[in-house]
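# Notes for the structure review
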Amino acid sequence: MVKPDGVERGLVGEIIKRFELKGYQLLAIQLFKPTREHLQEHYKDLKEKPFFPPLIEYMLSGPVVGMVWQGREMVKVGRRMLGETNPLNSNPGTIRGDFCIETGRNLCHGSDSVESAEREIALWFPSGVIQWERTKIQKLIYE
Ligand code: GDP
Ligand code: MG
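Residues numbered from 1 in each chain as written. Chains lettered and ligands numbered in written order. Predicted model: local features only at pLDDT ≥ 70, side-chain atom pairs only at ≥ 80, totals over all residues. Heavy atoms only, no water.

### Brief notes about the UniProt feature "active site" (unreviewed entry) in the protein chain
Definition in use: UniProt positions are given in the numbering used here, feature names are shortened, and annotations may be inferred rather than shown by experiment. Helix and strand assignments come from DSSP, with helices taken as H or I runs of at least 4 residues and strands as E runs of at least 2, each series counted from the N terminus. Should any heavy atoms of two residues lie within 4.5 Å, those residues are considered in contact.
As annotated by UniProt and renumbered to match this structure, "active site" (unreviewed entry) occupies His109. Mapped onto the elements of the fold, His109 is located in the loop between helix H6 (95–99) and helix H7 (114–124). Excluding residues that lie within four positions of it along the chain, His109 makes contacts with Met1, Lys3, His42, Tyr43, Leu82, Arg96 and Glu120.

Dropping the structure here:
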């Protein structure tokens, strides 16, 4: 997901581009203006954290772009492409390492496990994603 700071700063295309160029496949994408309740559900595992209230306000500050990407080791590699939670600990070449400074304005969200990806996909895209076959390019990306 591209968070409100990423959308407002015009980084949606840059973030999509990185996943496309890597070879991952887009299965769903939408601009959302989620409710507080929706965001509280999305981040429910963090509700006891001291930063939960400012996190929810941050996420309510503008629209977000939700996406579903598919490919080998998608969750693990996707998280690596995002960088560390704290952008100052993120390597150059990662999204957070290249484009932001503060944990509370870290541009993007990525599911941290296959289980949480399944939960988050069901929450954001309840009517499902588009399962589509790539033909020629699949053989150029995978052995
Ligand atoms: P992520 O999986 O790397 O996004 O990190 P978490 O799931 O631990 O936290 C969710 C989001 O909460 C992060 O991406 C940050 O936007 C925010 N967050 C996490 N830790 C902190 C913190 O210590 N301070 C603040 N202000 N925000 C935090
Ligand atoms: Mg997380």
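Past the structure itself, the notes keep going.
### With respect to the site of ligand 1
What counts, and what does not: Any residue with a heavy atom positioned within 4 Å of a molecule or strand is treated as near that molecule or strand. Each polar contact in these results corresponds to two N or O atoms within 3.5 Å; when the atoms are within protein, one needs to be able to donate a hydrogen and the other to accept it, and residues that are neighboring in sequence are counted only if both atoms are side-chain atoms. Residue exposure ignores everything except the shown protein chains as possible cover, and the areas themselves are Shrake-Rupley values with a 1.4 Å probe. Amino acids outside the nonpolar list (Ala, Val, Leu, Ile, Met, Phe, Trp, Tyr, Cys, Pro) and the charged list (Asp, Glu, Lys, Arg) are all regarded as polar, and Gly is one of them.
In the region of ligand 1, the neighbouring residues are Lys3, Tyr43, Leu46, Phe51, Leu55, Arg79, Thr85, Arg96, Thr103, Gly104 and Asn106. Arg79 has a polar side-chain atom sitting 2.7 Å from an oxygen atom of ligand 1. One nitrogen or oxygen atom from the side chain of Asn106 is found 2.8 Å from an oxygen atom belonging to ligand 1. Here ligand 1 loses 72% of its free accessible area of 540 Å² to cover by the protein chains. Classifying every residue of the shell around ligand 1 gives 4 nonpolar, 4 polar and 3 charged.

### Concerning a nonpolar patch on the surface
For clarity, the cut-off: Exposure above 30% relative accessible area and the lack of any salt bridge qualify a residue for a patch; like charges then connect within 9 Å, and the nonpolar side chains Val, Leu, Ile, Met, Phe, Trp and Tyr within 5 Å. Here, a salt bridge means any side-chain nitrogen of Lys or Arg that lies within 4 Å of a carboxyl oxygen of Asp or Glu. Each residue is placed in one exposure class: buried if its accessible area under a 1.4 Å probe, protein chains only, is under 20% of its type's maximum, exposed if it is over 50%, and partly exposed if it falls in between.
A cluster of nonpolar side chains, Ile137, Leu140 and Ile141, forms an exposed patch at the surface whose accessible area comes to about 280 Å². Take Ile141: it is sitting in helix H8 (residues 136–141). Exposure remark for Ile141: the relative accessible area of 31% places this residue in the partly exposed category.

### Thoughts on the nonpolar core
The cut-off we apply is this: We call a set of buried residues a nonpolar core when its members are Ala, Val, Leu, Ile, Met, Phe, Trp, Tyr or Cys and they connect through side-chain atoms within 4.5 Å of each other.
Val2, Ile15, Phe19, Tyr24, Met67, Trp69 and Ile95 are the most contacted members of the largest nonpolar core, which has 20 residues in total. Elements represented by at least two residues in this core include exactly helix H2 (12–22), strand E2 (64–70) and helix H5 (74–82). Beyond its immediate chain neighbours, meaning those up to four positions away, Phe19 contacts Tyr24, Trp69, Met74, Gly78, Met81, Leu82 and Ile95. Core analysis: the second largest hydrophobic core is formed by 16 residues, Phe32, Phe52, Tyr58 and Val64 among them.

### Overview of unusual backbone geometry
With glycine set apart, most residues show a phi of negative sign, and most peptide bonds adopt trans. Phi at Glu73 takes a positive value of approximately 55°, unusual for a residue other than glycine. Even without being glycine, Leu107 reaches a positive phi, approximately 70°. Here Leu107 is to be found in the loop between H6 and H7.

### Re the environment of Asn86
Examined against the element boundaries, Asn86 turns out to sit in the loop between H5 and H6. Separated by 79 residues in sequence, Asn86 and Val7 place their C-alpha atoms 19 Å apart.

### A closer look at the side chain of Thr94
Within the secondary structure layout, Thr94 lies in the loop between H5 and H6. Within the structure, Thr94 has its side chain in polar contact with the backbone oxygen of Asn91 (distance 2.6 Å). Among residues more than four places away in sequence, those in contact with Thr94 are Arg18, Arg80, Met81, Leu82 and Gly83.

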